[in-house]
Amino acid sequence: MGAPVDTIRDRLPFLGLDIEHQDGDAVSVEYSPNRFDYSTEFGIALGLQGILDIHTGMVKMEIEPAQYNMRVHDSVSSVRPSITGILAKGHTLDDYTIRQLIYMQEDLHHGPGRRRQRVAIGIHDADKIQFPLLYTTVGRDFEFAPLGSTDAMPIHDIMAKTEQGMQYGHLAQNHHSMPIILDKNCTTASMPPIINSSHTEVTSSTRNLFVDVTGFNQADVEGVLSIIAVTLQTAGYTLEHVDISGGTNRTPPLAPRRISFDHTMSNRILGLDMSMEETTQCIKRARLGAVADYNKIMCIVPPYRMDILGVMDIVEEVALGYGIDKIIPTMPGIGAAGGTDITTALGSTMTGLGYTQVMNSCLSSDTILSQGGSAPKILVANPKSQSHTVLRGALLPGLMENLSHNIHEPYPHRLYEYGVVFDMEGGAITEHTHLACVTAYKDSTYSEAKSILLAVLYSNMGIKIKTPPYNVAPYEMGQSARIMSGTQQIGHIGVISRKCRQAFKIRDDIVVSGWEVELIFDNKDSLTAS
Amino acid sequence: MDSIYHPLEDAIILHMKINISYTIPEMAKNAGIETDQARRATEWLLQKGDIRQSSPPRQILYLGPEGQRAKKDGLPEQRLMELIRSGMPPDAIRDILKSDWGPAVGICRKNNWIRMDGGRPIIIHYPDVIPDHTTLQLDWDNGVDADRVGRSFSKRPGFVASRMSPASYMLSSGEILKQAIQRQNQDTPRGMNVEADVAASYAARTHPLYDIISEIREIFVTLGFDEIHGSMVQPSFWNFDALFTPQDHPAREMQDTFYVRDVRVDTNPINPKDVAKIHNECWRYVWDYDVATKPVLRTHNTCVTIRHLALTNPQNARIFSLGRVFRNEKPSYKHLVEFHQVEGVVVGPNVSLRDLMGIQREFYNKIGLKRVKFWPTFFPYTEPSLQSMVYNERLGKWVELFGMGIFRPEVTGPLGIKGPVLAWGGGIERIAMMRYQLDDVREFYRNGLDWLRGVPIYR
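Residues numbered from 1 in each chain as written. Chains lettered and ligands numbered in written order. Predicted model: local features only at pLDDT ≥ 70, side-chain atom pairs only at ≥ 80, totals over all residues.

**Focus: the overall build of chain B**
Under the convention used in this document: Counting from the N terminus, the helices are the DSSP runs of H or I reaching at least four residues and the strands are the DSSP runs of E reaching at least two. Three classes are used. A residue is buried when 20 or more other C-beta atoms lie within 10 Å of its own, exposed when 12 or fewer do, and partly exposed in between, with C-beta atoms placed from the backbone. Any two residues are considered in contact once their C-beta atoms, placed from the backbone, lie within 7 Å.
Tallying secondary structure elements over chain B gives 20 helices and 17 strands in all. If you line up chain B on its principal axes, its C-alpha atoms span 150 × 50 × 40 Å. In chain B, buried positions account for 39% of the 459 residues. Considering only residue pairs separated by 6 or more positions, chain B has 70% of its internal contacts joining residues 24 or more positions apart.

Structure, rendered in structure tokens:
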């Protein structure tokens, strides 16, 4: 049984797989970080079987009883207490499939594994291992040959010299002793979460695999193990338990969970009207078990579905089983009218006065802010872009930068920006909305800037202002003023200094005014009254 | 249709008389305008056929220094003939004529007026008219048309100087003058060359991205949504913890999120113990309040909407929040460090996923995106979760726009929010890129006047 390529390609997005690109029959998909079982084509096949009605219901994990065992020594409890494992037998893998398994392992390390801190996985050639295994700790003088090396070396060398040791060594930096998996002959299989031994390396001739998963709690390690186990089973391996004991560890049951589900609730959430039987079918198409039982559905969730936390997750499975594309959108009735307190009045005024709006980032650079006369104060940690390192404390530097980029465009330039600037008051961050405008052309004057200021504040808003002298960067000495409304300073205005213009490589004269919009709006009554 | 006359054209016509030719400098002088203006107006009038060229530009001759002397003293050959006739001895004639003796003898012999007899000129035939004498009598002061001067005259060294005379023009008919006089007496505004090139003007305008933001705001208000606002710097609690994002989640790392250094931001948590409990249980770690106090530049606006819901706990609500969000990335043609998102929620006892899809479709429809479909996806704080795919006609492919879902019970429960909450959100720049047909999202923040002054406002 199978399905045509076109059908498969068309349905992939409805499993939650984003199509990255396609080339003929080859399709690259991106899976969501809640479905690590989709990190190989085996997992995706299981999902497609469901929504294409080829196989529905829960994928059963068939696990042979244990022949071998692994003991856990108490000493690991303080370093990396949890371990689980399983054998996968009787199959070989080609290079392509080995590569897929390695990618899955890497994805699990990055996702639920949190870069191996929470969970680390080792995959071994089981035939190189003499059971029983012992999970214990050893000192840093202990020697073994790590993966990629033929010679044994002490652990402190492995940490200092191998790529994995350098990359993941910090995860064990506080430990004197290191967790280690040893076989019957005291041969090292793995030193989680850093590196496997070269002794158990998997090749394309390996027939039997042993998988270990270590971490800090049973749920994490067993969850990750179950994803690997179902993938290996689907790939063609026979799974076999390994008896595990010691500390809080156990042989992983890899057993499904049961969740009681009310189909009327999912109908309400999804806006559908399905019977209990139809709902049951949808759940099964999502590869969960489901049995209708009186007025409830008993859902059976396989262990590898770590993403299912509760009933709402099953509602989504119902939707996926139903097919998102079959759900017809409905427009709910509009009750009361909506509203906003954002006004476009200032923007209209500025446009009317001939000023064009610009939009700059709140995150600016030290250089631009300093050149524009605004000391860089509030920094962000580890910025990737050198143009985005500090939160702006004023709009003017950005406007100067805009003028600087536009020197080849016909003059005059009249620009304004309306946006948030940042400051600190007693160590706490504050955000205020400002408006600033710049006028740049050969003969621009202070009078023009003041005239514009009066047009906005007085003619349009009725705010009486005074402009007492105020010498401050980046203005020319003796050519700038505070904008005062009564006793409150609401902004400043002036002629940009030659030095500042030179820093921005602008030849033409520039006049500027800027003021705090919130101050005007918040206090408008008191400001107009004075 | 009547022709349109420029004031310069009329100025020229009105200063011309019928059947009189005028050069351009003459017309300019008469009309009191610049020569250059007269030249332009003449071109226009020629095209209209109102004037015609009465004479082309031509060569005009004036008397040179030798010509001037000949005019005063007579032509050398004339003087020679007269002196011979007076019987003066040849030596005396030579003394008088000086350097003219040679050329004069040459001309007279060539015309067979004299013959030489051992250095003595003897008259053969005394001419009635010395041919070039007639030429010499022309009105040289005003210049003589080169056509009227024979080669024998103009070839004499120093006899003539020449210069080019401009073309001259004449009215085509008396009617032209009459119409110009009529136009002169009319009160109506005169026409002008409406097809001429002009200098560029630039309208001041709001930023194109701001226009889209305003449009989106208006659409949500029309759909019954109230706008709410929040700070850009948020405590991690509202940006992450309240939204069920575990504290060790990769999205919270400095690689992806901007943490603001050395500042405090009020955390204002709601039910932090319940939030801690759900994190501890579901994500199996020990939730740390201190981590939740770290100030971040918000990575989405959902922090604003969720806090509003937790504070007000409404039975029914339609809320949206619109503003800047931040991601610690290297900017590229498709990714910005700082961009705009709109996020909305609907609370109500009977709202469903279909309603959520319907609201999205309605929004897209109003913004002009007609082909919409929905795919399942994953977000940590919604379940079920969908993403909308919108067909980009220009690129000929489906592109991902807003994400949406129903807030997880693990989000709403600890915050005391009742009932299902439909939530969605997404970037505005992507929609703006489609509207303005841009391929590089950085264009919006370049603020180049070449672009800002040129973007069409209307679709």
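The structure having been displayed, the exposition proceeds.
**Description of the overall build of chain A**
Put simply, the test is: Note on method: radius of gyration uses C-alpha positions; expected globular size equals 2.2 Å times residues raised to 0.38.
Each helix and strand counted, chain A has 16 helices and 25 strands in total. Taken over the C-alpha trace, chain A has a radius of gyration of 34 Å; the compact-globule value for 530 residues is 24 Å, which it surpasses by more than 25%. With the C-alpha coordinates aligned to their principal axes, the bounding extent of chain A is approximately 95 × 65 × 45 Å. For chain A, the proportion of its 530 residues judged to be buried stands at 44%.

**As for the confidence of the model for chain B**
Low-pLDDT stretches of the model should not have their predicted coordinates read in fine detail. As a reminder, the rule being used: Scored from 0 to 100, pLDDT records how confident the predictor is in each individual residue.
A residue-level look at chain B finds 98% of positions with pLDDT of 70 or above and a mean pLDDT of 91. Two summary scores accompany this predicted model of the complex, namely pTM at 0.79 and ipTM at 0.91.

**Details of the sheet that holds strand 22 (residues 428-441) of chain A**
Residues and elements named next belong to chain A. Basically, it comes down to this: Any two strands with at least two DSSP-identified bridges between them are counted as paired. Inter-axis angles, ranging from 0 to 180 degrees, are taken between N-to-C directions of lines fitted to C-alpha atoms, where helices are fitted over the stretch in contact.
Ordered by their spatial adjacency, six strands build an open sheet running 17-21-22-25-24-23, and the pairing between neighbours is mixed. Of all strands in the sheet, those bounded by a partner on one side alone are strand 17 (356-357) and strand 23 (475-485). As paired strands, strand 22 and strand 25 (residues 509-516) are joined by eight bridges and run antiparallel to one another. Looking across to strand 25, one finds that C437 is bridged to S513. Contacts between helix 10 (residues 345-352) and the sheet are confined to strand 17, strand 21 (413-425) and strand 22, with strand 21 contributing the most and set at about 145° to the helix.

**Structural notes on the packing of helix 7 (residues 263-270) of chain A against helix 9 (residues 311-322) of chain A**
Residues and elements named next belong to chain A. Operational definition: Each angle is binned into one of four classes, with values under 35 degrees roughly parallel, values over 145 roughly antiparallel, values of 65 to 115 roughly perpendicular, and all other values oblique. Helix crossings get a hand from a simple test, with the near helix turned counterclockwise from the far one by less than a right angle marking a left-handed crossing and a clockwise turn marking a right-handed one. Only Asp, Glu, Lys and Arg are considered charged, only Ala, Val, Leu, Ile, Met, Phe, Trp, Tyr, Cys and Pro nonpolar, and every remaining residue, Gly among them, polar.
It is at 10 Å that the axes of helix 7 and helix 9 come closest, and there the two elements cross at 70°. When the interaxial angle is binned, helix 7 and helix 9 end up roughly perpendicular. Judged by the twist between their axes, the crossing of helix 7 over helix 9 is right-handed. Touching M265, S266, I269 and L270 of helix 7 are V311, V315, V318 and A319, all from helix 9. Looking at side-chain class alone, the contact of helix 7 with helix 9 contains seven nonpolar, one polar and no charged residues.

**Examining the interface of chain A and chain B**
In this assembly, 74 residues from chain A lie in contact with 72 residues from chain B. Top element by residues in the side of chain A that touches chain B is helix 9 of chain A. It accounts for six residues. Residue composition of the side of chain A that touches chain B, by class: 36 nonpolar, 27 polar and eleven charged.

**A closer look at the domain arrangement of chain B**
Heads up, the condition is: Just so you know, the domain bounds were taken from an automatic or database domain assignment.
Domain parsing of chain B yields domain 1 (7-57 + 166-185), domain 2 (61-159) and domain 3 (208-452). Measuring from the centre of the C-alpha atoms in domain 2 of chain B to the corresponding centre in domain 3 of chain B gives 109 Å.

**Overview of the sheet that holds strand 14 (residues 372-376) of chain B**
All names here are of chain B. Taken in spatial order, the seven strands make up an open sheet running 9-12-13-17-16-15-14, and their pairing is mixed. Across the chains shown, the open sheet's two edge strands, defined by having one partner strand only, are strand 9 (226-228) and strand 14. On average, each strand axis in the sheet is inclined to that of its neighbour by 25°, with strand direction left out of account. In this sheet, strand 13 (residues 338-347) lies alongside strand 12 (residues 317-326) in antiparallel orientation, the contact comprising ten bridges. Residue pairing across strands places A317 opposite V347, the latter belonging to strand 13.

**A word on helix 15 (residues 302-312) of chain B**
Every α-helix winds through 3.6 residues per turn, so residues three or four apart in the chain are directed the same way. Residue and element names in this part refer to chain B. Burial analysis of helix 15 places eight of its eleven residues in the buried class, which makes it a mostly covered element. Among all positions in helix 15, only T302, C303, V304, T305, I306, R307, L309 and A310 are buried. Of the residues trailing helix 15, N313 is marked for its positive phi of about 40°.

**Considerations on the nonpolar core**
Our working definition: Nonpolar core, as used here: buried Ala, Val, Leu, Ile, Met, Phe, Trp, Tyr and Cys residues forming one set through C-beta atoms within 7 Å.
In this structure, I283(A), L399(A), V512(A) and V421(B) are the most contacted members of the largest nonpolar core, which totals 156 residues. If one sorts the elements of this core by residue count, helix 9 of chain A sits on top with seven residues. With sequence-adjacent residues up to four places away left out, V421(B) is seen in contact with L309(B), V345(B), V347(B), I406(B), F407(B) and T412(B).

**As for the environment of Y381(B)**
Residue and element names in this part refer to chain B. The topology assignment puts Y381 in the loop between strand 14 and strand 15 (382-392). Judged by local crowding, Y381 falls into the buried class, with 21 C-beta atoms found within 10 Å. As a C-alpha pair, Y381 and N111 span 270 residues in sequence and 122 Å in three-dimensional space. Every residue in contact with Y381, bar those within four places of it in the chain, is listed here: L243, F244, T245, F407, R408 and V411.

**Considerations on the packing of helix 8 (residues 276-285) of chain A against helix 9 of chain A**
Helix packing for two helices is described by the angle between their axes and how far apart those axes are. Residues and elements named next belong to chain A. As a packed pair, helix 8 and helix 9 sit with axes 7 Å apart at the nearest point and diverge in direction by 90°. Between helix 8 and helix 9, the angle falls in the class roughly perpendicular. Two secondary-structure elements touch here, helix 8 through T279, C282, I283 and R285 and helix 9 through I314, E317, V318, G321 and Y322.

**Looking at unusual backbone geometry**
In this structure, P132(A) follows F131(A) across a cis peptide bond, with omega equal to 0°. Take P132(A): it is sitting in the loop between strand 5 (119-125) and strand 6 (133-138). Geometrically, the link from E383(B) to P384(B) is a cis peptide bond, its omega value of -5° lying close to zero. Residue position: P384(B) is located in strand 15. The phi dihedral of C186(A) falls on the positive side, at around 65°, and the residue is not glycine. Summarising the element assignment, C186(A) is placed in the loop between strand 9 (178-182) and strand 10 (188-191). A positive phi angle, close to 40°, is found at N313(B), a residue other than glycine.

**Remarks on the pairing of strand 16 (residues 296-301) of chain A**
Residue and element names in this part refer to chain A. Burial along strand 16 is one-sided: the face carrying I297, C299 and V301 is buried and the face carrying K296, M298 and I300 is not. Across five bridges, strand 14 (residues 257-261) lies against strand 16 in antiparallel orientation. Each residue of the ladder has a partner; that of R258, found in strand 16, is I300. Across five bridges, the pairing between strand 15 (residues 289-293) and strand 16 is antiparallel.

**Observations regarding the environment of A319(A)**
Looking at where A319(A) falls in the secondary structure, it is placed in helix 9. Sequence separation of A319(A) and E417(A) is 98 residues, and the distance between their C-alpha atoms is 46 Å. When residues no more than four places from it in sequence are discounted, the contact partners of A319(A) are L270(A), I324(A), I327(A), L353(B) and P384(B).

**With respect to helix 11 (residues 208-222) of chain B**
We count it as follows: Working rule for helices: expected span equals 1.5 Å times residues minus one.
Between its first and last C-alpha atoms helix 11 of chain B spans 21 Å; for 15 residues at 1.5 Å apiece the expected length is 21 Å, and the two agree. On its buried side, helix 11 of chain B packs onto strand 12, strand 13, helix 16 (353-367), helix 18 (429-436) and helix 19 (443-446) of chain B.

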